[in-house]
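Observations on the three-dimensional arrangement
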Amino acid sequence: MLQELLDAVGGLDPEVTDTAVLLASELAENAVLHAGTEFELSVDVDEVSLTVTVTDRGSGPLEVHLAEPRRRYGRAASHGRGLGLIASLAAAWGTHHNADGRHAIWFTLTSTPTEPEPAPAAPPDRPPRRVSPEQARRLLHVPAGLADRLQPLELVEELVRRLRDVLDVRAVAVVVDEGDGGGAAELARAGPAGGTVVLDVALPVTPPLRGSIRLLGPPSDRDGGEDLVELVAYRVAMAVESRWLRAVDQRRRAWMAYLAEASELLGQSLSVELAVAVVPQVVVPRLGRWCAVYLSDAGTQRLAALTHADEDELPELRAALDPAARPGPAPELRALLDSPAPEAAPVRIATPTDGLAVSLRSRGTTIGTLLVGRPDGRPHAPEDVVLVADIARRAALAVQNAQSAAAHVAVSQALQQALLPRALPSAAGIDLASEYVPASRGTDVGGDFYDVLTLDSGQLLVSIGDVCGKGARAAARTGLVRDVLRVLVRGGRGLTEALELLNEVMMEAADPLQFCTLAAALVRREPHGLAVELLLAGHERPVLIRADGRVEQVGAFGTAVGLLPRVLVEATTHKLGPGDTLLLYTDGVTERRRGREQFGPERLLATAARTAGRPARQVVAAVRDAVERFSPDHPTDDVALLAVRALPE
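Below is a short write-up of the structure. (Residues numbered from 1 in each chain as written. Predicted model: local features only at pLDDT ≥ 70, side-chain atom pairs only at ≥ 80, totals over all residues. Heavy atoms only, no water.)

The next point concerns unusual backbone geometry. What is expected of a backbone is that most residues other than glycine have negative phi and most peptide bonds are trans. In this structure, the amide linkage connecting Pro-207 to the following residue, Pro-208, adopts the cis form with an omega of 10 degrees. Looking at the element boundaries, Pro-208 is found in the loop between strand 7 (197–202) and strand 8 (210–216). Looking along the chain, the bond that leaves Val-284 and enters Pro-285 is cis, with omega of 0 degrees. By secondary structure assignment, the location of Pro-285 is in the loop between helix 9 (272–283) and strand 9 (290–297). The phi angle at Arg-363 is positive, at roughly 55 degrees, despite the residue not being glycine. Within the fold, Arg-363 resides in the loop between strand 12 (355–362) and strand 13 (365–373). (Helix = DSSP H or I, 4+ residues; strand = E, 2+ residues; numbered from the N terminus.)

Pasting the structure below:
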């Protein structure tokens, strides 16, 4: 449309006409793409100048951007580059804002430039370079369809190739430094390798990016073209930043996946040794060639884990890092380990163990130090330093959680062992043996227990029981049952009276969920065997194994203690001849499951029969083995076994 108007006017310099068409096209494109409105075009011609005005219907994103430059700056601003072309080619230009909301941009072209600067002298064999508006348009205009299909790097290569063709230089190169510590690198080149840089134009990119477009060739290649290179630099900068942002986004996604995987690996075990051993495996080789973990121990730091990408270098690395080795760490590293670890930021340590030192801190406590060697062939980038610090925080939390869990397990196991006798007493003519298999090796304390107490009368108080529940409450109730029964029987009370008083004590706690099943027996030695007085308070009936292979369950059922206000029990007496064994057990034996099937009393009797005449230790071992072979699954209930055997004469 503008070309038709200019042809109708006539009498204009063709170069001025071509320039007017180029600039008006840029303004029309801005009005349609950025303001999103229709536009009007007007032309004013006099003897020496041409003025073109493009008016749109209202302010658009471009005006918002210009009014608030801080809100959309650098990478965020993807428009407004065309005004640079107008500023370079027009003699004058400006904008109008009308009261009705319309917005106009105008420019003026003159046939003869005012006060022209003399062109630099050109070599005799090459005239000064002049770039026509048509060449500039062909250089800068990339169709939308092609721009969408090209990757950012391909677009840069295309622009560089066009710039070389338009300027007719030996070579054009784009050099970019991404600020990752790797230095500047050539991103794209058009033309042969080598050459002298005759013009270097910086790319308007946002830090940490830095870059430039370089013209390479003889000094004569510098003649003209600076303005055109600067315009191309804007387009190249947009493509370079787009490519860099894509790469940054991909790296961030990869790092997020890496950190999520590291957290999962670090949190899989509550064992301190395993948690510490995982840390170097997570770090190497992603963040460095080697990694060492130190844990604080009694005011000093000991080497707890170490790995290297090359296993052959591990012995030398251990000698350089292990405080207990010789020659041991360098003075710089030893001073770091002997002093409080750095709290805020990683500390770089020097060769021969070049890398980073980061404190392992969790919940305000420093539990050790993480050392990470530098990656292969480069120092740690700022991004690497941030990730090492993040891994250190996650590792410290995982290790401290494992240490806390280990401490809880140690307390629970100590409490569990305190509820069982350290050793069974020895008595003439009596063979005693026991087995205890807790369902949990962790912090849960089981409610099963057994006890053997030697009385002043020479008798033995043999008891086995199962308190309802697990944990600290069950442990407290177990200790209560065992100690109260001991005191009552040692005070001279019979078994029946002792169980009645024990029931009263437990009922006073007013906790019906903490009842206890109990089997208690008084065993005394007699000529040719043992006499046993047995009471069952809701407990499983013991198995009597005769020396000749006969087996039977003995005792009379009663009510559990702590369940009802009055306990109902019945004492029974039994004679154990030489070689006979009385086997007491908890319900973890008979209720061991394999799917829907239980071990049951029948299998227990069959197993017991095969142990007839054997020592007490072999009896309990055989029963435990049969129960464990019955089901390979982890037990869900504690197993307690106690065997009393009359020794042969």
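Next comes the rest of the account.
What follows concerns the packing of aromatic side chains. One pass over the structure, following the stated rule, counts 2 aromatic pairs. Here Phe-599 and Phe-630 contribute two aromatic rings whose centre-to-centre distance is 5.5 Å and whose plane-to-plane angle is 80 degrees, an arrangement assigned as edge-to-face. Of this pair, Phe-599 sits in the loop between strand 24 (597–598) and helix 16 (600–609) while Phe-630 sits in helix 17 (residues 616–630); the two residues are 31 residues apart in sequence, bridging distant segments of the chain. Phe-630 shares its class with Phe-599; the two are buried. (Phe/Tyr/Trp six-rings, centres within 6.5 Å; stacked < 30°, edge-to-face > 60°. Buried < 20%, exposed > 50% of the residue type's maximum accessible area, 1.4 Å probe, protein only.)

Looking now at the sheet that holds strand 4 (residues 103–110). With antiparallel pairing, the 4 strands of this open sheet are ordered in space as 1-2-4-3. For this open sheet the edge positions go to strand 1 (39–45) and strand 3 (92–97), each flanked by a neighbour on one side alone. Averaged over all adjacent pairs, the angle separating strand axes in this sheet is 15 degrees, with direction ignored. (Pairing = 2+ DSSP bridges. Axes fitted to C-alpha atoms, helices over the stretch in contact; angles between N-to-C directions.)

Within the secondary structure layout, Thr-108 lies in strand 4. On the accessibility criterion, Thr-108 (13% relative accessible area) is buried. Reaching out from Thr-108, the side chain makes a polar contact with the side chain of Thr-51 at a distance of 3.0 Å. Beyond its immediate sequence surroundings of up to four residues, Thr-108 is in contact with Ser-49, Leu-50, Thr-51, Ala-90, Ala-91 and Ala-92. (Polar contact = N/O pair within 3.5 Å; in protein donor to acceptor, adjacent residues only side chain to side chain. Contact = heavy atoms within 4.5 Å.)

Note on sheets: strands pair through backbone hydrogen bonds, and any given pair is parallel or antiparallel. Across the sheet, 5 strands lie side by side as 15-16-17-18-21; this open sheet has antiparallel pairing. The strands lining the two open edges of the sheet, one partner per strand, are strand 15 (448–454) and strand 21 (572–576). In this sheet, neighbouring strand axes are inclined to one another by 20 degrees on average, regardless of whether the strands run parallel or antiparallel. Sitting on the sheet, helix 13 (residues 472–490) is in contact with strand 15, strand 16 (460–467) and strand 17 (516–526), with an inclination near 20 degrees to strand 15. Packing against the sheet, helix 14 (residues 495–508) makes contact with strand 16, strand 17 and strand 18 (529–537), and its axis sits at approximately 155 degrees to strand 17.

Quick look at helix 13 now. With 19 residues, helix 13 extends 27 Å between its outermost C-alpha atoms, agreeing within 8% with the 27 Å of an ideal straight helix rising 1.5 Å per residue. Of all the positions in helix 13, only Ala-474, Ala-475, Arg-477, Thr-478, Gly-479, Val-481, Arg-482, Val-484, Leu-485, Leu-488 and Val-489 are classed as buried. Lining the buried residues of helix 13 we find helix 12 (382–418), strand 15, strand 16, helix 14 and strand 17. Where helix 13 terminates, the next one or two residues include Gly-492, which has phi positive at roughly 100 degrees. (Expected span 1.5 Å × (residues − 1).)

Interaxial distance between helix 9 and helix 12 falls to 8 Å at its minimum, and their mutual angle equals 165 degrees. Taken together, the axis directions place helix 9 and helix 12 in an arrangement best described as roughly antiparallel. In the packing of helix 9 onto helix 12, the handedness of the crossing is right-handed. Judged by residue contacts, Val-272, Ala-275, Val-276, Val-279, Val-282 and Val-283 of helix 9 engage Ile-391, Ala-395, Ala-398, Val-399, Ala-402, Gln-403 and Ala-406 from helix 12. Among the residues forming the contact of helix 9 with helix 12, the class breakdown is 12 nonpolar, 1 polar and no charged. (Parallel < 35°, antiparallel > 145°, perpendicular 65-115°, else oblique. Left-handed = near helix turned anticlockwise from the far one by under 90°. Nonpolar A, V, L, I, M, F, W, Y, C, P; charged D, E, K, R; others polar.)

Here the focus is helix 17. With 15 residues, helix 17 should cover 21 Å at 1.5 Å per step; its first-to-last C-alpha distance of 21 Å lies within 8% of that length. Listing the buried residues of helix 17 in full gives Ala-616, Val-619, Val-620, Val-623, Ala-626, Val-627 and Phe-630. Angularly, the buried residues of helix 17 cover 125 degrees about the axis, an arc narrow enough to put them on a single face. Facing away from the buried side of helix 17, by more than 90 degrees, are the exposed residues Arg-617 and Arg-629. (Arc of directions from axis to C-beta.)

On their own, these measurements won't tell you what the molecule is for.
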